[in-house]
Amino acid sequence: MDADYRPFHPNPSKPAYTPPPGAVDAHCHVFGPADRFPYAPERKYTPCDAPKERLFALRDDLGFARNVIVQATCHGKDNRALVDALKASNGLARGVASVGPSITEGELAELHEAGVRGVRFNFVKRLVDATPKEVFLGIADKIARFGWHIVVYFEAPDLDDLTPFLRELPTTIVVDHMGRPDIAKGVDHPQFQKFVALMAENPKVWSKVSCPERLSVQGPPSYDDVVPFARLLVDRFTDRVLWGTDWPHPNMTSHMPDDGHLVDVIPRIATDEAKRTALLVDNPMRLYWSE
């Protein structure tokens, strides 16, 4: 573990909000353990181990039924820790992998059998080296045959450059963390409104209304300044939003969030039971457990 890396919260509180039956934490990770699943040589950070057993225990403690586990950059394109967790979940987890252009149809079929239903394209420059868009488009064509979707991670200032590329993708697109808007600019600022417009014009684009702990200027425990951004997307695009903890919260520098507090943000961004059920059950089930 890097000297300045913050480990996950050792004892999260029990949330006051109880998720509906069948709720899905649709964005979380597993790291290591490194002695079984070494971290990638090209990684930009080395986390603490965050194994599947801790993730599944947190799922149960927070009142969720299922997980969507997303491959993080510290494991690169070695999806073994992800696949191991999926196979151990007894069907209660699905995965989003990271793959390279040389991936074969047979290898994709193996990932599909394990429970992978998407790939992640990361454009956050501090986390990954640049990859030509043509490489991503080639991968997109391969995974489209399996009915997978594409998760994209970028920061708000990069949206203009990425928009033409996003329009080329042949699959459903899920944007991590609302495209990481600058919360200090406010919900009506053109920067965030460009993302809203992208979702409005392209019905293939979904968004995770997650990670207030990464976006907030105000900070914990309530993350009030992030709520209007997430609420706008839930209200307007109720059938295309997902929510997740982002456990174990890699590369947090300001603080380590209490996952119980994050769950308690949900009823403030999804303001009635129908919206909460769509956000936490119907949408992730449609995207990840459609069969």
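For the structure, see preceding data.
Below you will find a few notes about this structure. Remember, it's a predicted structure, so these values are computed and weren't measured experimentally. (Residues numbered from 1 in each chain as written. Predicted model: local features only at pLDDT ≥ 70, side-chain atom pairs only at ≥ 80, totals over all residues. Heavy atoms only, no water.)

Some details on the nonpolar core
So, point 1. Ile69, Phe121, Leu166, Val209, Leu233 and Trp243 are the most contacted members of the largest nonpolar core, which totals 82 residues.
So, point 2. Residues in contact with Trp243, not counting those within four places in the same chain, are Val24, Asp25, Ala26, His27, Phe64, Val209, Leu262, Val263, Ile266, Ile269, Leu279 and Leu280.
So, point 3. Counting twelve residues, the second largest nonpolar core, distinct from the first, contains Ala26, Val68, Val70 and Leu242. (Core = buried A, V, L, I, M, F, W, Y, C linked by side-chain atoms within 4.5 Å. Buried < 20%, exposed > 50% of the residue type's maximum accessible area, 1.4 Å probe, protein only. Contact = heavy atoms within 4.5 Å.)

Examining the packing of aromatic side chains
So, point 1. Inspection of the entire model under this criterion finds eleven aromatic pairs.
So, point 2. With centroids separated by 5.7 Å and ring planes inclined at 75°, the aromatic side chains of Phe123 and Phe165 adopt a geometry described as edge-to-face. Of this pair, Phe123 sits in the loop between β4 (116-122) and α4 (133-144) while Phe165 is found in helix α5 (residues 159-168), placing the two residues 42 residues apart along the sequence. Phe165 shares its class with Phe123; the two are buried.
So, point 3. When the ring of Phe192 is compared with that of Phe229, the centres are 4.9 Å apart and the planes differ by 65°; the resulting orientation is edge-to-face. Residue Phe192 is located in helix α6 (residues 190-201), and its partner Phe229 is located in helix α8 (residues 227-236); the two are separated by 37 residues in the primary sequence.
So, point 4. Accessibility expressed as a relative area gives 2% for Phe192, which makes it buried.
So, point 5. Taken together, the aromatic side chains of Phe121, Phe123, Phe136 and Phe165 make up a single cluster linked through ring pairs. (Phe/Tyr/Trp six-rings, centres within 6.5 Å; stacked < 30°, edge-to-face > 60°. Helix = DSSP H or I, 4+ residues; strand = E, 2+ residues; numbered from the N terminus.)

A word on helix α1 (residues 52-62)
So, point 1. Every buried residue of α1 is listed here: Lys52, Leu55, Phe56, Leu58, Arg59 and Leu62. Buried residues of α1, viewed axially, fall in a sector of 155°; they line one side.
So, point 2. In this fold, the buried residues of α1 make contact with β1 (24-28), β2 (66-70), α2 (80-88) and α9 (259-263).
So, point 3. Immediately beyond the C-terminal end of α1, within one or two residues, lies Gly63, with a positive phi of roughly 90°. (Arc of directions from axis to C-beta.)

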